Amino acid sequence: MPEAPNRRAIILIPGLQRVERFARRDLLIENLRLLERRPMQPGEPVAVQGEAGRRLQPLPLRGAASLGPELDVFETYWADMVTPPAELGPFGRLWSGFELILYWLFSKGNLRAIGLSPTIAIGLMAGGVLLLLWYASLAVLVAAALRADPVQSQLVTDIPLLQAVLGRFLAATAWVEATAPYAFVTLLLATFKTDELAQMAQFTKDYLENRRSGAEPGLRDRVRTRVAETLDRVLAEPYEEIVIVGHSLGSVIAIDLLAGWPHPGDRA
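Just so we're clear, the structure is a prediction, and the values are computed from it rather than from any experiment. The residue numbers shown here count from 1 along each chain, following its written sequence. Under the rules for a predicted model, residues below a pLDDT of 70 receive no local features and side-chain atom pairs below 80 are neither given nor counted, while totals for whole chains, interfaces and linings still include all residues. Side-chain measures here rest on the full set of heavy atoms in the structure, leaving out hydrogens and waters.

A. Just the side chain of aspartate 72, in detail. Its location among the elements puts aspartate 72 in strand β4 (residues 70–75). Side-chain polar atoms of aspartate 72 contact the side chain of tyrosine 239, separated by 2.7 Å. Here, residues are in contact when the closest pair of their heavy atoms is within 4.5 Å. Beyond its immediate sequence surroundings of up to four residues, aspartate 72 is in contact with Arg7, Arg8, Ala9, Ile10, Val46, Arg54, Arg55 and Tyr239. Strands here mean DSSP runs of E at least two residues long; helices mean DSSP runs of H or I at least four residues long; both are numbered from the N terminus. Each polar contact in these results corresponds to two N or O atoms within 3.5 Å; when the atoms are within protein, one needs to be able to donate a hydrogen and the other to accept it, and residues that are neighboring in sequence are counted only if both atoms are side-chain atoms.

B. The arrangement of the environment of glycine 68 in detail. Here glycine 68 shows up in the loop between β3 (51–58) and β4. Considering only alpha carbons, one finds glycine 68 and valine 252, 184 residues apart in sequence, at a separation of 31 Å.

C. Representation of the sheet that holds β3 within the structure. Taken together, the five strands give an open sheet; going across it, the order is β2-β3-β4-β1-β5, and neighbouring strands pair in mixed fashion. Among the strands making up the open sheet, the edge pair consists of β2 (40–48) and β5 (241–246). The average undirected angle you get between the axes of adjacent strands in this sheet is 25°. When DSSP finds two or more bridges between two strands, those strands count as paired. Here strand β1 (residues 7–13) pairs with β4 via six bridges, running parallel. Looking at β4, one finds that isoleucine 10 is bridged to valine 73. Angles here are taken between N-to-C directions and fall from 0 to 180 degrees, while the axes themselves are lines fitted to C-alpha atoms, restricted in helices to the stretch in contact.

D. Just the packing of aromatic side chains, in detail. Under the pairing criterion, centres of Phe, Tyr and Trp rings, with the six-membered ring standing for Trp, must be within 6.5 Å; the plane angle then separates stacked pairs below 30 degrees from edge-to-face pairs above 60, leaving the rest tilted. As enumerated under the stated definition, the model contains four aromatic pairs in all. Taking 5.6 Å as the distance between ring centres and 35° as the angle between the ring planes, the aromatic pair formed by tryptophan 95 and phenylalanine 98 counts as tilted. Here phenylalanine 98 and tryptophan 95 lie together in helix α2 (residues 85–106), a separation of three residues that amounts to about one turn. Overall, tryptophan 95 belongs to the exposed group, its relative accessible area being 51%. Here a set of aromatic residues connected by ring pairs shows up, and it is made of Trp78, Phe203 and Tyr207. A positively charged side chain is recorded as over a ring if its NZ (Lys) or CZ (Arg) lies within 6 Å of the ring centre. The angle to the ring normal must also be within 35 degrees. The cationic tip of lysine 205 hangs over the ring face of tyrosine 103; the distance from NZ or CZ to the ring centre is 5.9 Å. Working definition: with a 1.4 Å probe on protein chains only, accessible area under 20% of the residue-type maximum means buried, over 50% means exposed, and in between means partly exposed.

E. Inspection of the packing of helix α8 (residues 194–208) against helix α10 (residues 249–259) at higher detail. Where α8 meets α10, the closest approach of the two axes is 12 Å, and the angle between their N-to-C directions is 15°. When the interaxial angle is binned, α8 and α10 end up roughly parallel. Seen from above, α8 lies across α10 with right-handed handedness. Seen from α8, the contacting residues are Met200, Phe203, Thr204 and Tyr207; seen from α10, they are Leu249, Ile253 and Asp256. Note that the term roughly parallel is reserved for angles under 35 degrees, roughly antiparallel for angles over 145, roughly perpendicular for angles of 65 to 115, and oblique for everything else. The sense of a crossing depends on the near helix, which, turned anticlockwise from the far helix by less than a right angle, makes the crossing left-handed and, turned clockwise, makes it right-handed.

F. Spotlight on the packing of α8 against helix α9 (residues 219–235). α9 packs onto α8 with a crossing angle of 95° between their chain directions and a minimal axis gap of 7 Å. Looking at the two axes, α8 sits roughly perpendicular to α9. Here α8 contributes Phe203, Asp206 and Tyr207 to the contact with α9, which in turn contributes Leu219, Arg220, Val223 and Arg224. We call Asp, Glu, Lys and Arg charged. Ala, Val, Leu, Ile, Met, Phe, Trp, Tyr, Cys and Pro are nonpolar, and the rest, Gly among them, are polar. Here the contact of α8 with α9 is composed, by residue class, of four nonpolar, no polar and three charged.

G. Seen up close, the nonpolar core. Formed by 24 residues in total, the largest nonpolar core has its most connected members in Phe74, Trp78, Phe203, Val223, Val227 and Tyr239. No other element matches the six residues that α9 contributes to this core. Put simply, buried Ala, Val, Leu, Ile, Met, Phe, Trp, Tyr and Cys residues joined by side-chain atoms within 4.5 Å make one nonpolar core.

H. Summary view of the pairing of β2. Bridging between β2 and β3 involves seven bridges; their strand directions are antiparallel. Directly across from proline 45, in β3, lies its bridge partner arginine 54. Hairpin connection of β2 to β3: two residues between the antiparallel strands, including glutamine 49 at a positive phi of 50°.

I. Molecular detail of the environment of serine 248. With respect to the helices and strands, the residue serine 248 is situated in the loop between β5 and α10. When the C-alpha positions of serine 248 and glycine 15 are compared, they lie 5.0 Å apart, and in sequence the two are 233 residues distant. Apart from the residues lying within four places of it in its own chain, the contact partners of serine 248 are Gly15 and Met200.

And the structure:
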């Protein structure tokens, strides 16, 4: 009879993309099932101090003395802390984009990075050009939304000081939209998925600044606390080994959190 399998755990820290909770966890489980050399099958759900996971069970091998390890896969869900661009409204998106450009232009870290190497400098400059083009495209979209919604325009034109500003803004964006290169710009932005890159850059800026929202703690504090709570609950269980997997910005959060992890015994 094969020996009882030992237990191991995987904690997935997903990236920025806002998808349904556990969707990334289940995708990881399916890929492990298909790609692992040892045959495995999804098992029953697992609950660890309130953390919901799924188990991957090894299938018995003919002539093998051991079943191999069971894998419990967990996910730390934090995407609900990210405000989707659609919820900001046209003026909110325009202002957040303006803040992002200012941060890119005047951030000390960004300026120091440019001097590190020609490759980094070229990459940052190219990213800055795409960011400016993205903001111009965003301004065109906001202007189109204002023309289509008289109520929002009225909120601005009711203030005499802003009436002239709005008129100049609408005229400038209309000129940009009518120019021949604008069609090429929209194609370029779509090719490089600049809207997604801008959202990632916006979140990174807010995370590094530990940006607060009203009376809530800073974004970095909230995300790190959410992830740390999941790690603490899983680490309290008698697993033989625990592997932390970060996807995209999730890897940045994992490194940021583990760099100051307060429990030396967890690293053994």
